Amino acid sequence: MRTFDLTPLYRSAIGFDRLANLLEQRADAQPSYPPYNIELVSENNYRIVMALAGFSRSEIEIVSERDALHVTGRKQKDEQQKTFLHRGIAARDFEQRFQLANHVKVTTAAFDNGMLTIDLVREVPEALKPRKIVIDGGENVQVLEQHAA
């Protein structure tokens, strides 16, 4: 198992403790259930697609709070006992957490044919967009176009 010593980051960078905590958490992360994809749809639009075979809409809960997205599945227990010769479809509870960047918001969620699709958008407020300042221009300030990094 790899461990990272982030002490130098704490000594020389102020306000990056959240980033360091994320790195520490992800270093311990294991491949998780259920399988999912994260897609870049356009410059400021993202999509999470999760394969949730065997789940119904009522068994899935999506909660977005501040800088995190929590997707939880609680499988209802079957009344009758089943005997499986082969069990390849996992029917267990899950909790998947996604860390969201600043200004990323969930716009829609859909569940169709066992696939959960969550659309997200990054909406940077006008006050935080880069601005061009004209020298000796007085009140002449222009907002620059946001380009992908």
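Below is a short write-up of the structure.

Criteria and thresholds
- Residues numbered from 1 in each chain as written.
- Predicted model: local features only at pLDDT ≥ 70, side-chain atom pairs only at ≥ 80, totals over all residues.
- Heavy atoms only, no water.
- Pairing = 2+ DSSP bridges.
- Helix = DSSP H or I, 4+ residues; strand = E, 2+ residues; numbered from the N terminus.
- Axes fitted to C-alpha atoms, helices over the stretch in contact; angles between N-to-C directions.
- Core = buried A, V, L, I, M, F, W, Y, C linked by side-chain atoms within 4.5 Å.
- Buried < 20%, exposed > 50% of the residue type's maximum accessible area, 1.4 Å probe, protein only.
- Contact = heavy atoms within 4.5 Å.

**Considering the sheet that holds strand β2 (residues 45-51)**
- Taken in spatial order, the 4 strands make up an open sheet running β1-β2-β7-β6, and their pairing is antiparallel. Every other strand in the sheet has two partners, leaving β1 (36-42) and β6 (104-112) as the edge strands with one partner each. Pairs of neighbouring strands in the sheet enclose a mean axial angle of 20°, with direction left out of account.
- As defined by bridge partners, β6 adjoins strand β7 (residues 115-122) across 8 bridges and the pair is classed as antiparallel. Residue pairing across strands places A109 opposite I118, the latter belonging to β7.

**Structural notes on the nonpolar core**
- Membership of the largest hydrophobic core comes to 16 residues, with the highest contact counts inside it found for M50, L52, L69, V71 and L116.
- Taken together, the elements giving at least two residues each to this core come down to β2, β4 (68-73), β5 (94-99), β6 and β7.
- Ranked by the residues each element gives to this core, the list is headed by β7, at 3 residues.
- Contact partners of L69, with chain neighbours within four places excluded, come to I48, I62, V63, S64, Q96, R97, F98, L100, V106, I118 and L120.

**Overview of the side chain of H70**
- The topology assignment puts H70 in strand β4.
- H70 has contacts with E61, I62, V63, E65, E95, Q96 and R97, leaving out every residue within four places of it along the chain.

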